[in-house]
Amino acid sequence: MSTVLGKRKNVNSSASEQSKRISVETRPYENSITFLHPDWLKGDYFHVFPLLKRLHSDISNDLSLTGTCYPELGYVLLNSKRACYVFSYQHSQTLKDPPTITFPLPEESDANAPQPNPLTAIVSSDIPDRDPGLLILMPVSGRIAYWTCIGNALAQPIVKPQGMESQLKLSNNEHCLRLYCANPFLYIVSTNYGRLLSISLRDSSGIPKICLNTVASHGGLISKCFEKLKLKNPFASHAVSIMSPPLSSPFRHLLYVTDSSGSVDIYDLKGELNHVRVDLAPMFLKVIEEAEMVPEDFQIVDSAITSQDGDSITFLCSWKRSLEHKYILYTCDFSNIANPHLMFVHSLGYTSSKKQQVKIQYASFGPCFILVSPSAVIILNTRMNYDYNTMYCFREDIIRFNSNVSGEIITSGCKQLLSGLRSPRTDPKISCLVVTNKAGVTEIQIQSDAQQLDAVESLKKKIEEAVFYGYVYENPLDFSWKTVPKLKVSEIERLIYVIGKEILTSASSHLPPVLPSLIQHLDLRLIYLNNLVRYVQEIPYDISDELLFSLRILGEKCNAARSLWTTIDLEMSTASRSLIFQRIIFKLGKETQLNQSVRNWFMRNIGSIEQLIMQAHNFCVDSAARVQELPVEVMNVILESNEIILAILSSALSYRVDTQGIYDISAGSFEKKVPWTSTPDVLTALTRQFELTKSALFQFQQGERDCGTELPSKDKDVIKNALLNMQVQLVVLTEVCFNAYAERLSWLRENEGDGILEKELEEAFAVNRKFWIQTLFDIGQGKNALRVAEKYRDYRSVVELCYQFFTKKELDKQIEGYLLKFGQEFAFILYDFYVEKGMSVELLNNDKHESNFLTEYFNYRGYNEVSWMHDMRKKNYELASHRLLQLANKKQNMIEKKEIELSLGKIFLYANPKGPAKSKDLVLIEQKLEQIHIQKMIEKTIMPVVRRLQLQGKKYQLVEATIEEITDGKPIPVLARQVMHRVIKCLIDHQVVPVTELMEYLSFSLYRKKELQVEDMTDYYFALRLLLTTRLTDEAKRFFEDTIWRRAVLNDKWSQILDTKDKNDAVIEAEVRMTALYQTLRLTTINGLFQEGLTKPTSLLSFAFDKNNYGSIAMIYSPAKFGDTQEVIKVLHRESHLLKHYLEKTTLNSWFVSMSLTCDGF
């Protein structure tokens, strides 16, 4: 014995020895203590928590671990190719590196050949209060080592060894596969040749001793032949499970061996060995085929005895369908061994992408099945149907492990828990231990009773578990969705929102009912709300943004409540010292006790926290009436009201900004959800609270100056500190007001259709923000005012504050910085400010800044009065000319200014490198200048008369007197008088006369003195020249052209001129040449007006007016716009009647036709 179990050797120094003996090595205790670990999962039916959060570092670094868990003994036994590890998880929970006994193992095969892990077992001690023993079987060599007590192995170098060795006789290429404990000291070994060998650790007298025997060898003579030839037996079956009934069962002498094909070998170990084989595969396959499923690769994975009497056996089968491996559970009644029948069939909801070694862990003979795969624990709760002697599945739960955190499950074990003093319905009955490489030992406690859940309840439970436990640090469980529930997205969203509401109102069963610190409870709720959002983002559904916005509101309110409670706790020390908060809460709540109202409100009612804003403001307003009576108390009420309002709204905004990454929505987006922080009531309360605070501040400052000498020193200090706090509050309140208004405007732009409310709010915001910023400046908070204006991009306030706050030198530097920082948007506001204040020089000089946007600004805003100078600087002459033309086209423009603008525009066109001929504006400019030129010629004939009348004292009726003077007092038509009145008034005021008015004035030349004609040319000629400069419609042009020619005819008395009595031809010709008609026709022909667009007249009859030839006279004839249209038509008809009279009484038309035909000879 001493030669086999000698002194232990260090694993590092002897790892390369092929014949290394089995020995033991211990690990020392470490004194570093860690905190107890939180629950991994606590549900209505099971409770998951860590027993040992990590394994020893040597175990974690080892590979290909297998092992066994012994919950009844409190030990875990793990095996690798190089060592065997034993540790107790019950006494190591607080240790960073738990103490572990390591048994180094020898290498049994060539390095290139695969080496299976050893088969090991912890053996119960037959002496009370003594450590268990250890059995190790090397699978290839068959070497066996047994210690009756682990403590003996630890003391082996000191005391006499109490271990023993033996060896199984194995054939060539035969090795051991499984080691099963049939009773406390009897172990069954199965080999790859199908043999069953027994290892008994006690002799007939109960003394520890290794006794070996053969239980079964399949194949009879054929198997022996293969053994003799040292060949592998192809007919031998490989056992996947070896089991025997409990010791209390009458069938305890039976041994059941299940192979993967579905055959069960039953051995009677009592007396003479009997053997029965039952093939269950046809019965199992028939069940699957009846369900219209086509199984592939069907095989048994595991089996277990699941009744106290030992007559019920449960089999776990695996089969492949499509790309998934499915699992099905069968329970058979073996009361009749020759003819077992099915009692229970259940297809697991658990599937895997590859076949896994799923094990049945059955701790007690009750209604609960526990199945353990490498990545999950499946819990089946069953019910018995006694009428048909069958079972059915009542509930299935899957606890998945995250392999990235925990690693794969190495081993597991179950035990039945003893009932405590609590109710049996709530006392856990079964404990399942799971050992993983990275997450240590995890315990799952399962309740005896389970409630059946429908699809909605099951999904709600799943989401809650993920929210409350899925984000615990180092939690090894996997809470991701592996299966998609058959529910509508709307129903899932409703469930998610309900969970969020329950968290906010402390109604969730997963929340602690109360904590000593309320802030800790609020922190928990906020954490769980954030977890809920994270989980929602991970689920395989297209969740609507509306749900995310709803959840964000819940988070905002929870964070606001947390911030509010912190403010009360810190600023007011306790809620009981608050002047108004406790009273507001008591008013809003329904509690009868004042001291409980605050805590209860924060536990249940923070979903309506926005009500505190209005209540605090109203309380403040009510208290303000007593300012003369209790000034200090009123000041403190205002301060506390501001603290409440600011704590709620500021924290809500900060939460919204800080959690953009969690919600994956921007802080300024709200969809259809009305932002609770900017409702109309909140905006009103904020605006009035700001005004009240400002008023109080100014009033108290004035009172302190007026009454400062009369106040006690204590009150002086109180008021001084309060005023300083109030100034700080006004700064923060300004930011809150800015944000609330901007938030409301953003929401209205997205959701309001007509824009009426948006426009009203924009107007109110524009007024209020100027008031808020100016208030900060007035109370000496100029830097803060500028900071707030910069933060919320109120560029107009930024510009105005710059001109109030900085010197000239500082201003230029500050403006340069803002242009670089904010760019074009700020620049446009700055330039608008210059325009409004008439600061044209500053506007033009802004191009001195490195970043300027004058070109873009002028292109967008126009502002041609200055922009043309900027274009001239930039040598953009064509654009400068165009801007000047636009300026000249403005109505009510002074004639001198208009002439200068047009002249400069013409100069710029000629300065353009492209040349003026390519500019379309040149024609317009020349036409406008032509109009001004003709107006100035008329002015030369009128203004001397006006000045003479002014010298004569005609001041009040100057225009009427001028008309009387130029018409020589003769009666003229009302239409002509009205036209002259408008034209002369414009000339006196030096304004531009509309071109149609000028044409009318010139066409009424027959009513004015002859000496008032322009130079040697007729007024009718100039009227036709003006007509060519207009852009009238063809209809209007034809009307004016006919009117001018008609009045040119009526200018002379043709009855006398064409009367040949006592006249020779020379006289008649001389008189005709002196007529206005002849002069107009001659000048028109000589100056090429017909070639420019005028119609050459062929008959005087065509000049007659007929209203049927035109549409609306008022639309084409400007005098009709200023008077009675019918009266105007009468005047035109009268002119046409006189024209026709001349044509009837004289040969004027014949003369004119011949003259018109020969006019080219002029």
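Just above sits the structure.
Residues numbered from 1 in each chain as written. Predicted model: local features only at pLDDT ≥ 70, side-chain atom pairs only at ≥ 80, totals over all residues. Heavy atoms only, no water.

So what exactly am I meant to see when it comes to the state of the cysteines here?
One pass over the full model with this rule turns up 0 disulfides. In this structure C414 is a free cysteine whose sulfur lies 3.8 Å from that of C432, the closest cysteine sulfur available. (Disulfide = S-S within 2.5 Å.)

When you look at the packing of aromatic side chains in this model, what are you seeing that I'm missing?
Aromatic ring pairs are defined here through the distance separating the ring centres and the angle between the ring planes. Per the counting criterion, the structure on display carries 44 aromatic pairs. Considering the side-chain rings of F833 and Y834, the 6.3 Å spacing of their centres and the 55° angle between planes classify their relative orientation as tilted. Residue F833 is classed as buried on the basis of its relative accessible area of 6%. The exposure class of Y834 is buried, given its relative accessible area of 4%. An aromatic cluster is defined as three or more aromatic residues linked by ring pairs; in this entry it consists of F690, F738, Y741, F765, F771, W772 and Y792. The lysine or arginine in question, R1008, covers the ring of Y1001, its NZ or CZ lying 4.1 Å from the ring centre. (Phe/Tyr/Trp six-rings, centres within 6.5 Å; stacked < 30°, edge-to-face > 60°. Buried < 20%, exposed > 50% of the residue type's maximum accessible area, 1.4 Å probe, protein only. Lys NZ or Arg CZ within 6 Å of the ring centre and 35° of its normal.)

I keep staring at helix α7 (residues 489–504) and nothing clicks. Help me out?
In an α-helix, one full turn covers 3.6 residues, which means residues spaced three or four apart are oriented alike. Look at α7: 23 Å from first C-alpha to last across 16 residues, which is about the 22 Å you get at 1.5 Å a residue. I492, E493, L495, I496, I499, G500, I503 and L504 are the residues of α7 that are buried. Two residues or fewer after α7 comes S506, characterised by a positive phi angle close to 60°. (Helix = DSSP H or I, 4+ residues; strand = E, 2+ residues; numbered from the N terminus. Expected span 1.5 Å × (residues − 1).)

Got a minute to help me understand unusual backbone geometry in this structure?
Most peptide bonds adopt trans geometry, and most residues besides glycine take a negative phi value. Although it is not a glycine, R793 adopts a positive phi angle of roughly 55°. Counting through the fold element by element, R793 comes out in the loop between α18 (782–791) and α19 (795–805). The residue Y863 is not glycine, and still its phi comes out positive at about 45°. On the secondary structure map, Y863 appears in the loop between α23 (854–861) and α24 (864–873).

So what exactly am I meant to see when it comes to the packing of helix α32 (residues 1034–1050) against helix α35 (residues 1076–1086) here?
To characterise two packed helices, one gives the angle between the axes of the helices and the distance between these axes. Running from amino to carboxyl end, α32 crosses α35 at an angle of 135°, the nearest separation of the two axes being 7 Å. By the angle class used here, α32 and α35 are oblique. On the side of α32, the interface is formed by W1045, A1048 and V1049, while α35 contributes A1076, L1077, T1080, L1081 and T1084. When the residues that make up the contact of α32 with α35 are grouped by side-chain class, the tally is 6 nonpolar, 2 polar and no charged. (Axes fitted to C-alpha atoms, helices over the stretch in contact; angles between N-to-C directions. Parallel < 35°, antiparallel > 145°, perpendicular 65-115°, else oblique. Contact = heavy atoms within 4.5 Å. Nonpolar A, V, L, I, M, F, W, Y, C, P; charged D, E, K, R; others polar.)

Help me understand the pattern of salt bridges in this model?
Two side chains with opposite charge may pair up if their charged atoms get near one another. Under the criterion given, the structure shown has 40 salt bridges. As a salt-bridge pair, E165 and R143 come within 4.0 Å of each other at their nearest N and O atoms. With a gap of 22 residues between them, E165 in strand β11 (residues 163–167) and R143 in strand β10 (residues 143–147) connect regions that are remote in the sequence. The salt bridge partner of K791 is E735, with a shortest N-O separation of 2.7 Å. Here K791, found in helix α18, pairs with E735, found in helix α16 (residues 713–751); they are 56 residues apart in sequence, far enough to count as distant. Shared partners join several salt bridges into a network, and the residues in it are R395, D397, K461 and E465. (Salt bridge = Lys/Arg side-chain N within 4 Å of Asp/Glu carboxyl O.)

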